[in-house]
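# A look at the structure
What follows is each chain in one-letter form.
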Amino acid sequence: LAFNLSLFWNSFRFIAKPCAINLGIQDSGPHRAQPNAILEKVFTSITKSPDGKRLEGLSKQLDWDVRKIQRWFRHRRNQDKPTTLTKFCESMWRFTFYLSIFFYGIRFLWTAPWFWDTRQCWYNYPFQPLTSRLYYYYILELAFYWSLMFSQFTDIKRKDFLIMFVHHLATIGLITFSYMNNMVRVGTLVLCLHDASDFLLEAAKLANYAKYQRLCDAFFMLFGVVFIVTRLGIYPFWILNTTLFESWELIGPYPSWWLFNGLLVTLQILHVIWSYLIVRTAYKALMRGKVSKDDRSDVESSSEEEDVTSNSTKGVFSTSSNGSNRVNGHVASGQWPEE
């Protein structure tokens, strides 16, 4: 199913691309570096970011100014960056999935007794029926996170790669473990809670790519509020309360209790980290009306940004002069040191 989702994502580009073009998003990449065999060999075989000593040597060898060589390496690094159109299509696909699965989950859980009384998650455990709607909800979520796990190695490289990798591992582990142990009732609550804010972030990124800055800022602020309320409020006092205390009271410390709750607490730690970064970004946007860079930015800055020390663009999301996104995923924050 994860493979089928990947195929669907590839076919979804035929829908997302015309939408992006209608919004004025061009399928054009960054400025390409001037062909140079010597610099290309250094770039591919030695280093993509030469130090001062190597720059001096190349300057003498090519009779180029050091600044010109630095610019060449910046342009060459940026050649491999995905275009804004590619990022738009990726975000539109994720927005569509997150929004659809969230409303499917809400519609399903609205009539579920454990949605209103979490103690119902543990009554008659583990002899609880697995309905077809619950099964498909679980399998779809599991397949999607598996697809994210694998695509993370080929998608746009982010600075919080390790954090997201741990997040995907913990999520897949929780979904698989809860399914195998028939803890699907509490599992559906965790899944629906996490989907509540994700589609808002993707909506903010879509607005950012289309250069609707006010709409982008509004979506990001709404995302931040929903994220903090659900991850720092509802999650610990609703989810962790039932898995740590109500389950202990009703069915006792079952053998896998520690592993199950350990994974849930790991997610909570990640929630705290992300919430701090989101709040810091929102604070800077409110206090100064601008944020220079974001911790989840692409690894490379745009060529124009590196050539000059420019003022930060306005809004919660910083958009480089070539229109590339500067916030992607759950982490958004402060100064971005160039890598």
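Keep in mind the model is a prediction, meaning the values are calculated, not measured.

Further remarks concern the overall build of the protein. Along the protein, the regular secondary structure elements total twelve helices and zero strands. What you see in the protein, going N to C, is helices and strands ordered as α-α-α-α-α-α-α-α-α-α-α-α. Across the 339 residues that make up the protein, the buried fraction comes to 52%. Considering only contacts within the protein whose residues lie at least 6 apart along the sequence, 80% involve residues at least 24 apart.

What follows is about the packing of helix α9 (residues 184-209) against helix α10 (residues 213-251). Axis separation between α9 and α10 bottoms out at 8 Å; the angle between their running directions is 170°. On the basis of the axis angle, α9 is roughly antiparallel to α10. Here α9 runs over α10; the crossing is left-handed. Of the residues belonging to the contact of α9 with α10, the class tally is 22 nonpolar, seven polar and two charged.

So, about the packing of aromatic side chains. Applying the stated criterion across every chain yields a total of 25 aromatic pairs. Look at W248 and W257: their rings are 5.0 Å apart centre to centre, the planes differ by 80°, and that puts the pair in the edge-to-face class. Classification of W248 by relative accessible area gives partly exposed; the value is 40%. Using a relative accessible area of 7% as the deciding quantity, one classes W257 as buried. Among the aromatic residues, those joined into a ring-pair cluster are W93, F97, Y98, F144 and Y145. Seen from the ring of W64, K68 lies directly overhead, with NZ or CZ sitting 4.3 Å from the centre.

Here the focus is the UniProt feature "transmembrane region" (unreviewed entry) in the protein. Using the residue numbers shown here, the UniProt feature "transmembrane region" (unreviewed entry) corresponds to residues 95-115, 135-154, 161-180, 219-238 and 258-279. Between the C-alpha atoms that bound residues 219-238 the distance is 26 Å, and the span itself is 100% helix and 0% strand. Helix and strand shares over residues 258-279 are 100% and 0% respectively, and the end C-alpha atoms of the span are 31 Å apart.

Conventions adopted
Residues numbered from 1 in each chain as written. Predicted model: local features only at pLDDT ≥ 70, side-chain atom pairs only at ≥ 80, totals over all residues. Heavy atoms only, no water. Helix = DSSP H or I, 4+ residues; strand = E, 2+ residues; numbered from the N terminus. Buried < 20%, exposed > 50% of the residue type's maximum accessible area, 1.4 Å probe, protein only. Contact = heavy atoms within 4.5 Å. Axes fitted to C-alpha atoms, helices over the stretch in contact; angles between N-to-C directions. Parallel < 35°, antiparallel > 145°, perpendicular 65-115°, else oblique. Left-handed = near helix turned anticlockwise from the far one by under 90°. Nonpolar A, V, L, I, M, F, W, Y, C, P; charged D, E, K, R; others polar. Phe/Tyr/Trp six-rings, centres within 6.5 Å; stacked < 30°, edge-to-face > 60°. Lys NZ or Arg CZ within 6 Å of the ring centre and 35° of its normal. UniProt positions renumbered as here; feature names shortened; annotations may be inferred.

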